[in-house]
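# Examining the three-dimensional arrangement
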Amino acid sequence: MNLIERLKIQQEDLFEWWQNGILPRLLAGFLLVYLLGSFVLALTWSREPALFDLTEMLEQHTSDSTRLEVIGTATTVSLIHAAATLLDKPGGFLSNDITPPGVILDNIPSWEFGVLVQLRDLTRAMRESFSRSQSQSTEDVDLAIAEPRFNFDNQSWILPRSEDEYRDGIRYVETYLSRLPQAGQSNAQFFSRADNLNMWLSTVETRLGSLSQRLSASVGQRRLNIDLAGDAMVRRSTVVSADQEIKTPWYQIDNVLYESRGTTWALIHFLTAIQYDFADVLEKKNARVSLQQIIRELEATQQTIWSPVV
C-alpha cells in the first residue's frame, strides 16, 4: 500500500468520525481540557509572591559574620532577591507573554512593572551614588553594565527576551556583591552617606506621589491647576486649562492598584535593607523609628485582596 492510498484511508476515517460525531466530541473535549488547564494556571499565576525574609537571604549570601558586616551587603542582597522573585515566581515573568493564559492576565504584569521600576531606581542609585565617593569618581564596572540591563523593555519576548536581560543584570550585581568584601582601591565600594540616601528617597517619593494621584483619581474629580503655584518666576512649555478633570479610566484602576502593590512590595525589602546599611545615618538623624513605622505601614498594603472586582 503506497502513501497516497494510506492518506485516502485516513481521510475516509476522519470523515466517518466526523459524520458519527466522534471527531467533534474529541475536539470539544480537548478544548475543554485546555480551557480548564488555562483557568487553573491563571489562578495560580495571579497570586502575588509573599515577602521574603531578608535575614535568611543574608545568611545565604554571607559565609561568615565579617562579610555580613560589610556596608552595602543588605541593600545589594535585597535587590538581587527582589529581581530573582520577579523572574522565578509561579508562571515566571508574565509581562512579555504572548500565549494564554499569560497574555490575558494584566494584574500580575502590572505588579511586575511596579517591582521593576523600583529595581531600576535602586540600581541607578547604586551606580550613580551609593558606589561612588563623589560625583567625579569612576562608576563601578559591574553596576554600569547591570543598570541598563534592568532598563530593558519589559515586553520583549524574543531576541533578546526581557528575562534574559534581567538575569544578566542579576549576575552583574552578584559580581559586585562578591567584590564588596575585598580590600583594595579598585574593588567595589558602598558609601552610606546621608546625601546618597536622600537622593534615592527623593526618587521614591516622586514615584509614590504619582501612584497616589492615580489611585485617588479612580473616582474622578475636578482640580484647579497648581503646577505654577509657589514660584513667581516659573514658566511652562505650553498653556493648559486652569481647571482640569483628573480621572483614571475604569479599565486601568486594577492595573494601577497592582502596580502600587508591586511598588510597595519592593520598597518593603529595600527599606528593610537600608536599616542595616545606613544604621549610623539613621541613628544620627534620629530617624530609625520613623523608618520602621513606614515599613510597617507599607506591610499593611500587602494584605490579600479577596474581592474579585477592584
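Residues numbered from 1 in each chain as written. Predicted model: local features only at pLDDT ≥ 70, side-chain atom pairs only at ≥ 80, totals over all residues. Heavy atoms only, no water.

In terms of helices and strands, the chain carries twelve helices and two strands. When the helices and strands of the chain are listed from N to C terminus, the series reads α-α-α-α-α-α-α-α-α-β-β-α-α-α. Looking at the 310 residues of the chain, the share that counts as buried comes to 38%. Considering only intrachain contacts with a sequence separation of at least 6, the fraction spanning at least 24 residues in the chain is 70%. For the chain, the accessible surface area stands at approximately 18,500 Å², while carbon and sulfur atoms represent 56% of it. (Helix = DSSP H or I, 4+ residues; strand = E, 2+ residues; numbered from the N terminus. Buried < 20%, exposed > 50% of the residue type's maximum accessible area, 1.4 Å probe, protein only. Contact = heavy atoms within 4.5 Å. Areas by Shrake-Rupley, 256 points an atom, 1.4 Å probe, with all protein chains shown as cover.)

This next bit is on the nonpolar core. Counting residues in each nonpolar core, the largest one holds 51 residues, and the members touching the most others are Leu79, Leu119, Phe130, Trp200 and Phe270. Among the elements that line this core, the one with the most residues is helix 10 (residues 253–277), at nine residues. The residues touching Leu119, leaving out its near neighbours within four places in the chain, are Leu79, Ala82, Ala83, Leu86 and Phe270. In this structure, Ala42, Trp45, Leu94 and Leu105 belong to the second largest nonpolar core, which totals five residues. (Core = buried A, V, L, I, M, F, W, Y, C linked by side-chain atoms within 4.5 Å.)

For an α-helix, 3.6 residues make a turn, and residues three or four places apart therefore share a direction. When the terminal C-alpha atoms of helix 9 (residues 194–216) are compared, their 32 Å separation across 23 residues agrees well with the 33 Å that a helix rising 1.5 Å per residue should span. If you check which residues of helix 9 are buried, you get Asn196, Leu197, Trp200, Thr203, Val204 and Leu211. If you follow the buried residues of helix 9, they end up packed against helix 6 (107–130), helix 10 and helix 11 (279–284). (Expected span 1.5 Å × (residues − 1).)

We now examine the environment of Ser129. By the element assignment, Ser129 lies in helix 6. Given the relative accessible area of 10%, Ser129 is considered buried. It is 5.8 Å that separates the C-alpha atoms of Ser129 and Asn196, two residues lying 67 residues apart in sequence. The contact partners of Ser129, leaving out residues within four places of it in the chain, are Arg124, Asn196 and Met199.

What follows deals with unusual backbone geometry. Cis geometry marks the peptide bond from Pro100 to Pro101, where omega comes out at 0°. Relative to the elements of secondary structure, Pro101 occurs in the loop between helix 5 (73–88) and helix 6. Cis peptide bonds are those with omega within 30 degrees of zero, and the linkage from Leu159 to Pro160 qualifies with -15°. By the secondary structure assignment, Pro160 is in the loop between helix 7 (141–150) and helix 8 (162–179). Its identity is not glycine, yet Leu159 carries a phi of approximately 45°, on the positive side. Of note, Leu159 is situated in the loop between helix 7 and helix 8.

Further remarks concern the packing of aromatic side chains. Considering all chains together, one arrives at seven aromatic pairs under this definition. Each ring, one from Phe52 and one from Trp265, has its centre 6.0 Å from the other, and the planes form 75°; the classification is edge-to-face. Placement of the pair is Phe52 in the loop between helix 2 (22–45) and helix 3 (54–61) and Trp265 in helix 10, with a sequence separation of 213 residues. Judged by its relative accessible area of 15%, Phe52 falls in the buried class. The class for Trp265 is buried, based on a relative accessible area of 0%. Members of the aromatic cluster, connected to one another through ring pairs, are Phe52, Trp111 and Trp265. (Phe/Tyr/Trp six-rings, centres within 6.5 Å; stacked < 30°, edge-to-face > 60°.)

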